[in-house]
Amino acid sequence: MRNSNQNSISPNNARNDIWTRRRPYIVPQKCVLFVDMRNSNKKGKVTMFDKLEDLLIRFEEIMGELHEPTVTNNQERFRKLMKEQSDLTPIVEAYTEYKKRRQDIEDSLTMLEEESDEEMREMIKETLADSKKRVEALEQELKILLLPKDPNDEKNVIVEIRAGAGGDEAALFAAELYRMYVHYAEGRRWKVELMNVDEIGIGGMKEVQFTIMGQGAYSVMKYESGVHRVQRVPETESGGRIHTSTASVAVMPEVDEDIDIVIDEKDIRIDVMRASGNGGQCVNTTDSAVRLTHYPTGIVVYSQTEKSQIQNKAKAFALLKSKLYDMEQQQRHDAEAEMRRSQIGTGDRSEKIRTYNFPQGRVTDHRIGLTIYKLDKVMNGDIQEILDGCIAADQAAKLVKMGENN
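## Notes on the overall build of the protein
Looking only at helices and strands, the protein has 10 helices and 11 strands in total. Once local pairs closer than 6 in sequence are excluded, the contacts in the protein between residues at least 24 apart make up 62%.

Right, here's the structure in full:
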């Protein structure tokens with residue numbers, strides 16, 4: 001599809017071609033292939049290319065504002081512009097390359113019509129094939145980049161792990177999951193901060209809450225929510241029988257200042273007590289531990305990892321806010337018919353999302369049908385392959401839904 005009037009801009013196409021007049025350094029001016037694509041939309045629907053053109057214009061507006069000398073006078077505005085620029089950059093880069101590759105295809109087709117030398121024609125055909133292949137890949141990439149973003153994706157997360165069915169073995173497995181996530185976070189150079197832990201004497205954890213702080217932490221860690229199942233022979237099992245135990249993982253976005261969670265003082269009971277379990281100087285000798293009970297929801301949170309009662313109280317309130325926000329998010333999703341199961345659940349074996357089979361050295365994620373045989377590496381935090389599979393499956397499902405809506 002070739003535009004025979006590339007150097008002129010009609011009134012009807014002025015909106016479409018504004019990027020060529022405002023910021024020609026982003027894309028060569030001759031790349032106006034999408035004028036025809038946009039105008040061919042007879043039903044009046046907004047196409048992917050309409051959205052891309054609008055985003056390109058918006059990106060140029062942002063760049064113009066950021067180059068103004070007074071832009072840093074309003075720091076809040078400056079931060080928002082920088083954030084928006086960062087979000088749009090990968091889309092603009094992919095779309096710019098897409099346009100260039102489409103133009104390469106057009107140029108190659110023209111050259112094939114005019115070229116008679118067979119050796120040159122073969123070279124042109126190779127270039128044409130490469131460009132077509134790249135265009136297909138970029139189209140898919142752009143579709144994924146245009147998927148609606150979860151507003152919580154860039155937030156830090158609070159992770160809660162609870163031992164489920166299986167007694168002490170479940171508590172041991174919960175502790176192993178905790179260490180797995182700590183290793184993964186450290187590999188990503190994210191910071192981990194323990195909020196609360198209820199340990200048993202043999203090294204297990206009945207319950208543990210911790211914060212993972214890092215850019216995009218929620219966008220990745222949210223796929224860990226659900227019930228995890230372990231199959232292995234416990235050390236205390238003399239008969240060598242394989243036991244099955246479970247642990248529940250809940251991943252909640254940390255509530256920051258841009259989200260207003262109102263907690264009425266009348267709805268809260270605050271109890272202070274001495275911290276229990278292993279601790280250093282002052283931890284078990286002062287009333288530093290804090291427990292919050294939220295009457296309307298029945299949520300109870302506990303923090304004892306800090307020496308200061310003030311610090312533990314702040315951590316407890318942060319955890320409570322995240323739980324309330326997560327509860328509100330679930331209710332909203334349900335109201336929009338986007339039903340999802342409770343993250344914590346009951347710890348029952350039937351609610352599993354992943355199985356860790358120690359005798360076979362196997363890890364299976366049941367949501368995406370992925371099985372890998374590197375259990376030792378997974379338990380040491382090498383879970384990126386599983387997370388990538390979950391992300392890809394999620395994106396594919398959203399693309400299908402987006403296609404149905406269009």
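## Here we look at the confidence of the model for the protein
For the protein, mean pLDDT is 81; residues scoring 70 or higher make up 79% of the total. Between residues 1-40, whose pLDDT stays under 50, and residues either more than four places distant or in other chains, the model counts 74 contacts.

## Some details on the nonpolar core
Residues Val 159, Ile 161, Leu 177, Tyr 181, Ile 212, Met 221 and Tyr 356 are the most contacted members of the largest nonpolar core, which totals 38 residues. Elements represented by at least two residues in this core include exactly strand 1 (157-163), helix 6 (168-187), strand 3 (205-213), helix 7 (217-221), strand 5 (243-253), helix 9 (375-379) and helix 10 (384-405). Excluding anything up to four places from it in sequence, Ile 161 contacts Ala 174, Leu 177, Tyr 178, Tyr 181, Lys 206, Glu 207, Val 208, Phe 210, Ala 247, Ser 248 and Val 249. Judged by nonpolar contacts, the second largest core, of 24 residues, contains Leu 66, Val 92, Leu 112 and Leu 142.

## Quick word on helix 6
The periodicity of an α-helix, 3.6 residues per turn, causes residues three or four places apart in sequence to face the same way. For helix 6, which comprises 20 residues, the first-to-last C-alpha distance of 29 Å matches the rise-based estimate of 28 Å (1.5 Å per residue) to within 8%. For helix 6, the tally of buried residues reaches 14 of 20 residues, placing the bulk of the element in the interior. One or two residues past the end of helix 6 sits Arg 189, with phi positive at roughly 60°.

## What about the pattern of salt bridges?
With the rule as written, the count across this model stands at 27 salt bridges. Between Asp 150 and Lys 222 there is a salt bridge; the shortest N-O distance is 3.5 Å. In this pair, Asp 150 sits in the loop between helix 5 (118-145) and strand 1 while Lys 222 sits in the loop between helix 7 and strand 4 (226-232), placing the two residues 72 residues apart along the sequence. Residue class for Lys 222 comes out buried when judged on its relative accessible area of 17%. Linked by salt bridges that have partners in common, Arg 58, Glu 61, Glu 65, Arg 77 and Glu 84 make up one network.

## Observations concerning the sheet that holds strand 7 (residues 289-294)
Pairing within the open sheet is antiparallel, and its 3 strands lie in the order 6-7-8. Edge positions in the open sheet fall to strand 6 (268-273) and strand 8 (299-303), since each of these has one partner strand only. Neighbour-to-neighbour, the strand axes of the sheet open up by a mean angle of 15°, direction not taken into account. Alignment of strand 6 against strand 7, held across 6 bridges, turns out to be antiparallel. Considered in strand 7, the bridge of Ile 270 is made with Leu 292.

## What to know about the packing of aromatic side chains
Taken as a whole, this structure holds 4 aromatic pairs when the rule is applied. With a centroid separation of 6.0 Å and an interplanar angle of 85°, the aromatic rings of Tyr 184 and Trp 190 are classed as edge-to-face. Like Trp 190, Tyr 184 is buried. Looking at Arg 232, its charged tip hangs above the ring of Phe 358, at a distance of 4.7 Å from the centre.

## Quick word on the sheet that holds strand 2 (residues 191-199)
With respect to topology, 8 strands assemble into an open sheet ordered 2-3-1-5-4-9-10-11, the strand pairing being mixed. The open sheet has two edge strands with one neighbour each: strand 2 and strand 11 (370-372). Across the sheet, the mean angle from the axis of one strand to that of its neighbour is 15°, orientation sign disregarded. Where strand 10 (residues 362-365) meets strand 11, 3 bridges bridge the pair, whose relative direction is antiparallel. Its bridge partner lying in strand 11, Asp 365 is registered against Leu 370. Strands in contact with helix 6 are strand 1, strand 2, strand 3, strand 4, strand 5 and strand 9 (352-357); relative to strand 3, the strand with the most contacts, it is inclined by about 10°.

## Let's talk about the packing of helix 3 (residues 48-66) against helix 4 (residues 75-114)
Remark: helix 3 packs on helix 4, axes separated minimally by 8 Å, with the N-to-C direction vectors making an angle of 135°. When the axes of helix 3 and helix 4 are compared, the pair comes out oblique. In terms of crossing hand, the pair formed by helix 3 and helix 4 is left-handed.

## Observations concerning the pairing of strand 3
As paired elements, strand 1 and strand 3 share 6 bridges and run antiparallel to each other. Paired with Arg 162 across the bridge in strand 3 is Glu 207. Count of turn residues in the strand 2/strand 3 antiparallel hairpin: 5 residues, of which Gly 203 carries a positive phi of about 100°.

## As for the pairing of strand 7
When you tally the buried positions in strand 7, you get 5 out of 6 residues, the bulk of the element. Of the pairings in the sheet, the one linking strand 7 to strand 8 comprises 5 bridges and is antiparallel in character. Among the inter-strand pairings, Arg 291 is bridged to a residue of strand 8, identified as Tyr 302. Hairpin connection from strand 7 to strand 8: 4 residues lie between these consecutive antiparallel strands, with Gly 298 at a positive phi of about 80°.

## Some remarks on the side chain of Gln 85
Tracing the backbone through its elements, the reader meets Gln 85 in helix 4. Accessibility expressed as a relative area gives 18% for Gln 85, which makes it buried.

## Notes on the environment of Asp 287
Residue placement: Asp 287 occurs in the loop between strand 6 and strand 7. Among the residues examined, Asp 287 registers a relative accessible area of 43% and is labelled partly exposed. The spacing of Asp 287 and Val 272 is 15 residues in sequence and 5.9 Å in space, taken between C-alpha atoms. In contact with Asp 287, not counting residues within four places along its chain, are Val 272, Met 273, Arg 274 and Gln 309.

## A word on unusual backbone geometry
One non-glycine residue, Arg 189, lies in the positive phi region at around 60°. Note that Arg 189 resides in the loop between helix 6 and strand 2. Take Arg 189: its relative accessible area is 80%, and that puts it in the exposed class.

About the thresholds
- Residues numbered from 1 in each chain as written.
- Predicted model: local features only at pLDDT ≥ 70, side-chain atom pairs only at ≥ 80, totals over all residues.
- Heavy atoms only, no water.
- Helix = DSSP H or I, 4+ residues; strand = E, 2+ residues; numbered from the N terminus.
- Contact = heavy atoms within 4.5 Å.
- pLDDT = per-residue confidence, 0-100.
- Core = buried A, V, L, I, M, F, W, Y, C linked by side-chain atoms within 4.5 Å.
- Buried < 20%, exposed > 50% of the residue type's maximum accessible area, 1.4 Å probe, protein only.
- Expected span 1.5 Å × (residues − 1).
- Salt bridge = Lys/Arg side-chain N within 4 Å of Asp/Glu carboxyl O.
- Pairing = 2+ DSSP bridges.
- Axes fitted to C-alpha atoms, helices over the stretch in contact; angles between N-to-C directions.
- Phe/Tyr/Trp six-rings, centres within 6.5 Å; stacked < 30°, edge-to-face > 60°.
- Lys NZ or Arg CZ within 6 Å of the ring centre and 35° of its normal.
- Parallel < 35°, antiparallel > 145°, perpendicular 65-115°, else oblique.
- Left-handed = near helix turned anticlockwise from the far one by under 90°.

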